[in-house]
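One letter stands for each residue in the lines below.
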Amino acid sequence: VLLMPLAAAAATIGDGEPYSLDIGGRLMWDLDNYEGALNADGDGDWRFNTQLRRARLEMSGTLPGDFDWVLDVNYLESTNDTELHAAGLRYSGWKVANVFFGRTKEPFGLEELASSKAIVTMRRNVFTDATDTDSQPNYGLLLNGFAGPGGWAAGIFNPDGNPTDEDGSDRLAFTGRVFGAPLNDGDRVLHLGLAATDRNLDAAESLRGFGLRAAETGDRIPSASILADADRQLGLEALYMDGPWSLQAEAFWRSLDGADGGPDGTVDSQYLQAAWTVTGESRGYRAGSGVPDMVKPSSGRGAVELVARVERIAFDVDGAAEQRGRILVAGANYYPNRNVKFMFNVSHADTTRLVADGAEDDGLAVTARIQVAF
């Protein structure tokens, strides 16, 4: 599972129809040091952990007749096991839409849809980490298209964990996204998007509003949970890039309907992120999928990127005081070449009504990552 891509091969077989095979992969090794509320199990003292965050072997290729496929296998150090990260078959022969069946991300969230190789902080925003939309579903049917300055994606998915309906059938969630770049002249990009999902609960489930975490191996500070029979989410996204500068923001809302006459709950979250590539390179933008790309150094000296982010999340349950969390992140990334990336983040988390009286309600995390990708 620690194999790096060995080659990219292509061959022509049979009556001239093209077949191709590409092999790639990524390794991400994290070093986490955290204290306070982020290490409540350790009485708030500083704790140091390392983790092989991702070790992924990626394969993809083309088949005759406008078909292509993907197969990614991921090693999980936390469970000492492997998982099928992405797998499926896509048909792109229709003008109106591409059709993909298999295991892939649901089209929800700008930062969530960006590759883990391309995000500028070590952890994605706290909202996507708080719901099952951030996990690869067991399987799904995804349609997507792109024309002019914009695109769309919509699909039906069986969420991670193989949840079932009340009658024992596999539960299906419905998720869609529309996006566009009204400004995209190479040096400058303005991206706007909207996404929504209905998790399609038909039986009551105990759902937590969110969990706050600033380090992958650190404690998750949980909010309250409610018994809900509906889970609907909405996301707004914006990205502006001007050469080496980028400004990115998202706002999310989650509506949980209380089951059996119980209280309803609402989650709302926002973040604002700014990044500056000191050495002048742009992050790049993938117009067809509406997501930012990663920095690619333009010289042998590599590229240096600075980033800052502020985010908040709140859970409001009928009849109870609102619970809130906030995370401030400052970081720096160094790209010695297109395959290697070093990341460093300092994060401060503070909470309101999330911990017991007298317990530490904030914490600091100092984290680093070594990333190798092909």
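Treat the numbers as computed from the prediction; the structure is a model and nothing was measured.

This part is about the overall build of the protein chain. Helices and strands together make up the secondary structure of the protein chain, namely one helix and 22 strands. The C-alpha atoms of the protein chain give a radius of gyration of 21 Å, which matches the 21 Å a tight globule of 374 residues would have. Seen along its three principal axes, the alpha-carbon backbone of the protein chain occupies a region of about 70 × 55 × 45 Å. Relative to its full complement of 374 residues, the protein chain shows a buried share of 46%. Contacts in the protein chain between residues at least 24 apart in sequence constitute 60% of all its contacts with a sequence separation of at least 6. Summed over its atoms, the accessible surface of the protein chain is roughly 16700 Å², and 56% of this surface lies on carbon and sulfur atoms. Between the averaged position of the 33 positive side-chain charges in the protein chain and that of its 55 negative side-chain charges there is a distance of 7 Å.

Right, let's get into the environment of Asn200. Within the secondary structure, Asn200 sits in the loop between strand E10 (188-198) and strand E11 (205-208). Put simply, Asn200 and Asp229 are 29 residues apart on the chain and 8.4 Å apart in space, counted from C-alpha to C-alpha. One polar contact links the side chain of Asn200 to the main-chain carbonyl oxygen of Leu172, over a distance of 2.9 Å.

Counted by the stated rule, this structure contains seven aromatic pairs. With a centroid separation of 5.0 Å and 50 degrees between ring planes, the pair formed by Phe67 and Tyr91 is classed as tilted. Pair noted here: Phe67 is in strand E4 (residues 67-76) and Tyr91 is in strand E5 (residues 81-91), with a separation of 24 residues, a long-range link. What makes Tyr91 partly exposed here is its relative accessible area of 23%. Measuring from ring centre to ring centre gives 4.6 Å for Phe127 and Phe252, while their planes differ by 5 degrees; the resulting arrangement is stacked. Linking Phe127 in the loop between helix H1 (110-113) and strand E7 (139-147) with Phe252 in strand E15 (residues 245-258), this pair joins segments that are 125 residues apart in sequence. The same class applies to Phe127 as to Phe252, namely buried. Members of the aromatic cluster, joined through ring pairs, are Phe67, Tyr91 and Trp94. Here the guanidinium or amino end of Arg309 rests over the ring plane of Tyr271, the centre of that ring lying 5.4 Å away.

Attention now goes to the nonpolar core. Judged by nonpolar contacts, the single largest core of 29 residues is most densely connected at Leu38, Phe210, Leu212, Ile313 and Phe315. Going through the elements one at a time, strand E14 (225-242), E15, strand E16 (265-277), strand E19 (303-317) and strand E20 (323-337) are the ones with two or more residues in this core. Of all the elements, E19 adds the most residues to this core, at three residues. Membership of the second largest hydrophobic core comes to eight residues, among which are Leu110, Ala181, Met241 and Tyr285.

Attention now goes to empty space enclosed by the protein. Within the structure shown, the criterion is met by three cavities of 30 Å³ or more. The space that makes up the largest cavity amounts to roughly 90 Å³. In terms of lining residues, the largest cavity is bounded by Thr121, Met122, Arg123, Arg124, Arg213, Ala214, Arg309, Glu311, Ile327, Val329, Asn345 and Ser347. Put simply, the parts of the chain that give the lining of the largest cavity at least two residues each are E19, E20 and strand E21 (340-352). Of the residues belonging to the lining of the largest cavity, the class tally is four nonpolar, three polar and five charged.

With that out of the way, let us pick up the pattern of salt bridges. Within this structure, the stated rule accounts for 25 salt bridges. Across the salt bridge formed by Asp185 and Arg188, the nearest N and O atoms sit 3.5 Å from each other. The salt bridge partner of Arg312 is Asp268, with a shortest N-O separation of 2.7 Å. Within this pair, whereas Arg312 is found in strand E19, its partner Asp268 is found in strand E16, the two being separated by 44 residues in sequence. Judged by relative accessible area, Arg312 falls into the partly exposed class, the value being 28%. Look at Asp268 and you get buried, because its relative accessible area is 17%.

Looking at the protein chain as a whole, the pLDDT averages 92, with 95% of positions reaching at least 70. For the stretch residues 1-16, pLDDT sits under 50, and the model shows 28 contacts to residues farther than four places along the chain or on other chains.

So, about the pairing of E20. Note that E19 and E20 share 13 bridges and pair antiparallel. From the neighbouring strand, Arg312 faces E20, where its bridge partner is Arg326. Linkage of E19 to E20, two consecutive antiparallel strands, is achieved through a turn of five residues, within which Gly319 is found at a positive phi near 85 degrees. In textbook terms, the turn of a hairpin is the stretch between consecutive antiparallel strands, and for E20 and E21 this stretch comprises two residues.

Below, the discussion takes up the side chain of Asp129. With respect to the helices and strands, Asp129 occurs in the loop between H1 and E7. Those residues within four positions of Asp129 in sequence are excluded, and the remaining contacts are Arg123, Asp134, Gly211, Arg213 and Arg220.

This paragraph deals with the side chain of Glu111. Note on placement: Glu111 falls in helix H1. For Glu111, a relative accessible area of 2% gives the class buried. When sequence neighbours within four positions are dropped, the list of residues in contact with Glu111 reads Ile119, Thr121, Arg123, Arg124, Asn125, Gln248, Glu250, Tyr271, Gln273 and Arg309.

Turning our attention to a negative patch on the surface. Taken together, the side chains of Asp41, Asp43, Asp45, Glu360 and Asp361 present a region of like negative charge at the surface. With respect to the secondary-structure elements, Asp41 resides in the loop between strand E2 (17-34) and strand E3 (47-63). Taking the relative accessible area as the measure of exposure, Asp41 reaches 68% and is therefore exposed.

Calculation criteria
Residues numbered from 1 in each chain as written. Predicted model: local features only at pLDDT ≥ 70, side-chain atom pairs only at ≥ 80, totals over all residues. Heavy atoms only, no water. Helix = DSSP H or I, 4+ residues; strand = E, 2+ residues; numbered from the N terminus. Rg over C-alpha atoms; globule rule 2.2 N^0.38 Å. Buried < 20%, exposed > 50% of the residue type's maximum accessible area, 1.4 Å probe, protein only. Contact = heavy atoms within 4.5 Å. Areas by Shrake-Rupley, 256 points an atom, 1.4 Å probe, with all protein chains shown as cover. Lys, Arg positive; Asp, Glu negative; His and termini not counted. Charge placed at Lys NZ, Arg CZ, Asp CG, Glu CD. Polar contact = N/O pair within 3.5 Å; in protein donor to acceptor, adjacent residues only side chain to side chain. Phe/Tyr/Trp six-rings, centres within 6.5 Å; stacked < 30°, edge-to-face > 60°. Lys NZ or Arg CZ within 6 Å of the ring centre and 35° of its normal. Core = buried A, V, L, I, M, F, W, Y, C linked by side-chain atoms within 4.5 Å. 1 Å grid on protein atoms, 1.4 Å probe; cavity = no way out; pocket = protein on both sides within 12 Å on 5 of 7 lines; lining within 4 Å. Points joined across faces, edges and corners; volume = space filled by probe spheres on them. Nonpolar A, V, L, I, M, F, W, Y, C, P; charged D, E, K, R; others polar. Salt bridge = Lys/Arg side-chain N within 4 Å of Asp/Glu carboxyl O. pLDDT = per-residue confidence, 0-100. Pairing = 2+ DSSP bridges. Patch = residues over 30% accessible without salt bridge, like charges linked within 9 Å, V, L, I, M, F, W, Y side chains within 5 Å.

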